[in-house]
Amino acid sequence: MSSRTFSLIGLFFVLTLAACSSEVVEQSPTQPPPVPSGAPKATVAPIATLAPTPTPTPLRIFFAPGAPLAVSNTLRETIIQEHPDQFALVGSAESADLQAFVAQAGGVPDQNALATWIYALVAPFPTLVDEVSLAELQAAWQGVASPNFGGPLRVSAETRAAFGAVWGEPAAGAVEVVESAVLVDTLWANRPAWGIVPFEQLHVSLKVLTVDGHTPLHRNLDVTAYPLALRVGLNGQAEHQAQWRALQPTAMTNRDESKMTILAMTGVTALTRTTAWKMERNGVLYPAEKIRPWLTSADVVHISNEVSFWQDCPPPQVTGMTFCSAPNYTQIITYVNTSVIELTGNHLNDYGWEPLSYTLGVYDKLGLPYFGGGRTITEAQRAITLTHNGNLIGFVGCNPVGPPIGWVDGLNDGRPGAAPCDDAVMQAELQKLRAAGALPIATLQYYEFYEYPPTYQQKIDFRKLVDFGAAIVSGSQGHHPQAFDIYNSGFIHYGVGNLFFGDQVDPSTRQTFVDRYLIYQNRLLSVELLTAQIEDYSQPRPMTLEERRELLQVVFTAGGW
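Cut-offs and rules
Residues numbered from 1 in each chain as written. Predicted model: local features only at pLDDT ≥ 70, side-chain atom pairs only at ≥ 80, totals over all residues. Heavy atoms only, no water. Pairing = 2+ DSSP bridges. Helix = DSSP H or I, 4+ residues; strand = E, 2+ residues; numbered from the N terminus. Axes fitted to C-alpha atoms, helices over the stretch in contact; angles between N-to-C directions. Contact = heavy atoms within 4.5 Å. Parallel < 35°, antiparallel > 145°, perpendicular 65-115°, else oblique. Nonpolar A, V, L, I, M, F, W, Y, C, P; charged D, E, K, R; others polar. Buried < 20%, exposed > 50% of the residue type's maximum accessible area, 1.4 Å probe, protein only. Salt bridge = Lys/Arg side-chain N within 4 Å of Asp/Glu carboxyl O. Disulfide = S-S within 2.5 Å. 1 Å grid on protein atoms, 1.4 Å probe; cavity = no way out; pocket = protein on both sides within 12 Å on 5 of 7 lines; lining within 4 Å. Points joined across faces, edges and corners; volume = space filled by probe spheres on them. Polar contact = N/O pair within 3.5 Å; in protein donor to acceptor, adjacent residues only side chain to side chain. Left-handed = near helix turned anticlockwise from the far one by under 90°.

Draft legend 1. View of the sheet that holds strand β18 (residues 384-388). With mixed pairing, six strands are arranged side by side in an open sheet as β18-β19-β21-β22-β24-β23. Each edge of the open sheet carries a strand with a single partner, namely β18 and β23 (484-487). This sheet shows a mean twist of 20° between the axes of neighbouring strands, independent of strand direction. Bridge count between strand β19 (residues 391-398) and strand β21 (residues 439-444): six bridges; the pairing is parallel. When the bridges of β21 are listed, G394 appears paired with P440. Along the sheet, helix α12 (residues 423-435) makes contact with β18, β19 and β21, crossing β19 at roughly 175°.

Dropping the structure here:
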């Protein structure tokens, strides 16, 4: 093929490509067609740039040694484990954002407190010592012998760790670690002995000793001043603490006063004879003036009033055995904030049934519940309950002595009076109280004995009530104070002594007790014995230290302790 032929073919090829290219341009112009006037304009959304979200780092918290297990375990379970995105437990303070530590309560501000934990210095119940100083207690911790006891301080391992964090390591042999379950028995087996226990582990067979004038048995405890109050505090930056506080707004405690009830139980009140004669001359409130704070600082006050009020009561006589009280004497009942009246006394019907009927009406008007007596046998023998701070307290009482004129329907004439004792009834009522969740208290207007030890039969009859279900058994009959007993975890006082009555010849009838029971979450935790000497045949006053020790010594000995 000649070169001319190739030139013609190449030219044809170029023209063909140009024609094809011209068609493409016409179908896909490089400029868009003009937009008609008024047509909507399209917009193109910008492409978002997604930044990665950082995963929050949990705050690291460290629990220093010594924190009560109830505190550390609860906080782990309710905050740390339930909020793992916010908090993580670590093993050292250096790697932590927050540190929980143990210190004296006074050294940790309220806003930094995770928990306030109250402890008590205790000894076996029949202990004469009432109070020690913090210096003496800490000296014992460091191994310095105390004149008040002669052995190591007994504590649980947990309590040792708590006070070790505050007081430092105890001296060798100064502290003995004992399992909580056997601590009470260990203290009793090694008398004289001291121990330290958390407040909620108090037991009725232990006496709580006052430290530097403070006791956890009383209301309005200043935890910043009480030496055995510890706090679990929180250290860390303010914003970190605020994060924790959002989940734990209030501090934990093992002693909540809104769950406490202080019950004062007393002995014989008989506003008659010389006591009444003194009231007429010195004022109706005279007998109560020196011990009123013991009663008004209690939450529930029990009075066993053995004599009826009567509008026609003759002027008081200093002799005789037929009793009544003037109606205005009820002022002393309200003056001491009486909460409940016991009606098991022997002298309620001395002037016939009318004074007692009148008296029951007076109590009804005053809003004072009563037990152990009443208008009918059913009313007299029934148990009653009082509720305070969530504690349900039950009372039931009876009179095994008589006379028949003093018993309800005792002469088959339908008269009001005291409840006669019936074992089946007492057992049924105490079991009803137990079934209702109440703390049962039984009282007896028993036979009177002018001696400190209980009789053989008296022990049988009082202990029987514990077997029936009573947590407390109190002898309201005793003009002469009697011994105590701790039986199957029940507390027995065989005879409390006179309260507002005191004109008998025997000097021992002028010694008396006010028993103050601490009830917490419906459990009997402790008993505080207040002792008084009755003067002027009518007026109890707090005993001196020497008088108190003498009485306690003889009463504890009479109880076999």
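After that view, the rundown keeps rolling.
Draft legend 2. Local environment of the packing of helix α3 (residues 134-141) against helix α4 (residues 157-167). Interhelical geometry of α3 versus α4 gives an angle of 105° and a closest axis separation of 12 Å. Considered as vectors, α3 and α4 are oriented roughly perpendicular to each other. Contact residues: α3 offers L134, L137, Q138 and W141, while α4 offers R160, F163, G164 and W167. Per-class residue counts for the contact of α3 with α4 are five nonpolar, two polar and one charged.

Draft legend 3. Structural context of the pairing of strand β27 (residues 523-535). The buried fraction of β27 amounts to eleven of the 13 residues, a majority that puts the element mostly inside the structure. Here strand β26 (residues 511-520) pairs with β27 via ten bridges, running antiparallel. Bridging from a neighbouring strand, R516 pairs with E528 of β27. From the end of β26 to the start of β27, which pair antiparallel, there are two residues, and Q521 there has a positive phi angle of about 50°. Where β27 and strand β28 (residues 539-542) come together, four bridges link them in antiparallel fashion. The residue of β28 that forms the bridge with Q533 is R541.

Draft legend 4. Here's a closer look at the pairing of β18. Sheet topology note: the β18/β19 ladder contains five bridges and is antiparallel. Bridging from a neighbouring strand, T387 pairs with L392 of β19. Here β18 folds back onto β19 in antiparallel fashion, the turn holding two residues, of which N389 has a positive phi close to 50°.

Draft legend 5. Layout of the pattern of salt bridges. In this structure the tally under the stated criterion is 21 salt bridges. The shortest N-O distance in the salt bridge between D130 and K207 comes to 2.6 Å. Taken together, the positions of D130 in the loop between β4 (113-124) and β5 (131-132) and K207 in strand β9 (residues 206-211) put the pair 77 residues apart, joining distant regions of the chain. Here the two residues D130 and K207 agree in accessibility, since each one is buried. Here E169 and R160 are joined by a salt bridge, their closest N and O atoms 2.9 Å apart. In this structure E169 comes out as exposed when scored by relative accessible area, which is 54%. Judged by relative accessible area, which is 25%, R160 ranks as partly exposed.

Draft legend 6. Quick peek at the side chain of T359. Note that T359 resides in helix α10 (residues 353-366). With sequence-adjacent residues up to four places away left out, T359 is seen in contact with S308 and F309.

Draft legend 7. Highlighting the state of the cysteines. The full count for this structure, using the stated rule, is two disulfides. Paired by a disulfide, C398 and C421 hold their sulfur atoms 2.0 Å apart. Torsion about the S-S bond of the C398 and C421 cystine: about 85°, corresponding to right-handed handedness. Taken together, the positions of C398 in strand β19 and C421 in the loop between β20 (417-418) and α12 put the pair 23 residues apart, joining distant regions of the chain. A residue is classified by how much of its surface remains accessible, and C398, at 2% relative accessible area, is buried. Since its relative accessible area comes to 31%, C421 is described here as partly exposed. With its bonded cysteines labelled in order along the sequence, the protein shows the pairing 1-2, 3-4.

Draft legend 8. Inspection of empty space enclosed by the protein at higher detail. Across all of its chains, the model carries three cavities of 30 Å³ or more by this definition. Of the voids in this model, the largest cavity is the one considered here, and its volume is about 50 Å³. Looking at the lining of the largest cavity, the elements that each hand over two or more residues are β26 and β27. Its residues assigned to classes, the lining of the largest cavity shows five nonpolar, two polar and two charged.

Draft legend 9. Spotlight on the side chain of D503. One can find D503 in the loop between β25 (498-500) and β26. Looking at D503, its side chain comes within polar contact range of the side chain of R273, at 3.1 Å. Side-chain polar atoms of D503 contact the side chain of T274, separated by 3.1 Å. Apart from the residues lying within four places of it in its own chain, the contact partners of D503 are R273, T274 and Y537.

Draft legend 10. Inspection of the environment of K259 at higher detail. If you trace the backbone, K259 turns up in the loop between β11 (252-253) and β12 (260-265). For K259 and V102, which are 157 residues apart along the polypeptide, the C-alpha to C-alpha distance reads 25 Å. In contact with K259, other than residues within four places in its own chain, are N389, N391, I519, Y520 and Q521.

Draft legend 11. Expanded view of the packing of α12 against helix α13 (residues 456-468). The geometry of α12 relative to α13 is characterised by a closest axis approach of 9 Å and an angle of 40° between their N-to-C directions. The orientation of α12 relative to α13 falls into the category oblique. The hand of the α12/α13 crossing is right-handed. Residues D423, M426, Q427, L430 and Q431 of α12 touch α13, and the partners they reach there are K464, L465 and F468. Residue composition of the contact of α12 with α13, by class: four nonpolar, two polar and two charged.

Function-wise, these values are silent; they only describe arrangement.
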